[in-house]
Amino acid sequence: MKIVVSNNYDGPIYEQIKSQILQAILSRELMPGDILPSLRSLARDLKVGVLTINRAYTELESEGYIEYPGKGLLCRPEQ
């Protein structure tokens, strides 16, 4: 999964990240049980703050697309 952020986008960066992860989940590029990058590693790779990644992950979790099972982030199994 490759995530690209752009400063030319009208919305917040976390929305770009969230929408790209969601698209990867819906297109089955990310499958249930796949481990997502840690907050720090993804923030470092994208050169954004950890809170930006946390916001994207938190929204995806609240919408039921990912979960924190104790260690790491996983794409949520289909129900």
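Computed from a predicted model, the values in this text were never measured in an experiment.

The next thing to look at is the nonpolar core. The biggest cluster of nonpolar side chains holds 18 residues, and the ones touching the most others in it are I17, I21, L42, L46, I53 and Y57. Elements that contribute at least two residues to this core include exactly α1 (13-26), α2 (39-46) and α3 (50-62). Per-element tally for this core: the top contributor is α1, with six residues. In contact with I17, other than residues within four places in its own chain, are I3, V5, L42, L46, V48, T52, I53 and A56.

Attention now moves to the packing of aromatic side chains. Overall, the coordinates contain zero aromatic pairs when judged by the stated rule. For R55, the ring lying beneath its charged end belongs to Y14, and the centroid distance is 4.1 Å.

In this section: the packing of α1 against α3. Viewed as axis vectors pointing N to C, α1 and α3 meet at an angle of 45°, and their least axial separation amounts to 8 Å. Taken as axis vectors, α1 and α3 run oblique relative to one another. Note on packing geometry: the crossing formed by α1 with α3 is right-handed. Residues I13, Y14, I17, K18, I21 and L22 of α1 touch α3, and the partners they reach there are T52, I53, R55, A56, Y57, E59 and L60. Residues that form the contact of α1 with α3 fall into these classes: nine nonpolar, one polar and three charged.

Although it is not a glycine, R28 adopts a positive phi angle of roughly 70°. Inspection of the secondary structure puts R28 in the loop between α1 and β1 (35-36). R28 sits in the partly exposed class, given a relative accessible area of 43%. Positive phi, normally seen in glycine, also occurs at K47, with a value near 60°. Along the chain, K47 turns up in the loop between α2 and α3.

Conventions we followed
- Residue positions are given per chain, counting from 1 as you read along its sequence in written order.
- Restriction of local features to residues with pLDDT of at least 70 applies here, the model being predicted, together with a cutoff of 80 or more for giving and counting side-chain atom pairs; totals for whole chains, interfaces and linings are based on all residues.
- Values shown for side chains rest on all heavy atoms present in the structure; no hydrogens or waters enter the calculation.
- Residues belong to one nonpolar core when they are buried, are Ala, Val, Leu, Ile, Met, Phe, Trp, Tyr or Cys, and are joined through side-chain atoms within 4.5 Å.
- Exposure classes here rest on a 1.4 Å probe applied to the protein chains alone. A residue is buried below 20% of its type maximum, exposed above 50%, and partly exposed in between.
- Every helix listed is a DSSP run of H or I at least four residues long, and every strand listed is a run of E at least two residues long, numbered separately from the N terminus.
- In what follows, residue pairs with any heavy atoms lying within 4.5 Å of each other are defined as contacts.
- Pairing of aromatic rings covers Phe, Tyr and the six-membered ring of Trp, with a centre-to-centre limit of 6.5 Å; geometry is then stacked below 30 degrees between planes, edge-to-face above 60, and tilted otherwise.
- Only lysine NZ and arginine CZ atoms are considered, and such an atom sits over a ring when it is within 6 Å of the ring centre and within 35 degrees of the ring normal.
- For helices, the axis comes from a line fit to the C-alpha atoms of the stretch in contact; other axes are also lines fit to C-alpha atoms, and the angle between any two N-to-C directions lies between 0 and 180 degrees.
- By definition in this entry, angles of less than 35 degrees are roughly parallel, angles greater than 145 are roughly antiparallel, angles of 65 to 115 are roughly perpendicular, and the rest are oblique.
- Note on convention: near helix rotated counterclockwise from far helix by under a right angle means a left-handed crossing. Clockwise means right-handed.
- When residues are grouped by polarity, Ala, Val, Leu, Ile, Met, Phe, Trp, Tyr, Cys and Pro land in nonpolar, Asp, Glu, Lys and Arg in charged, and all others, Gly among them, in polar.

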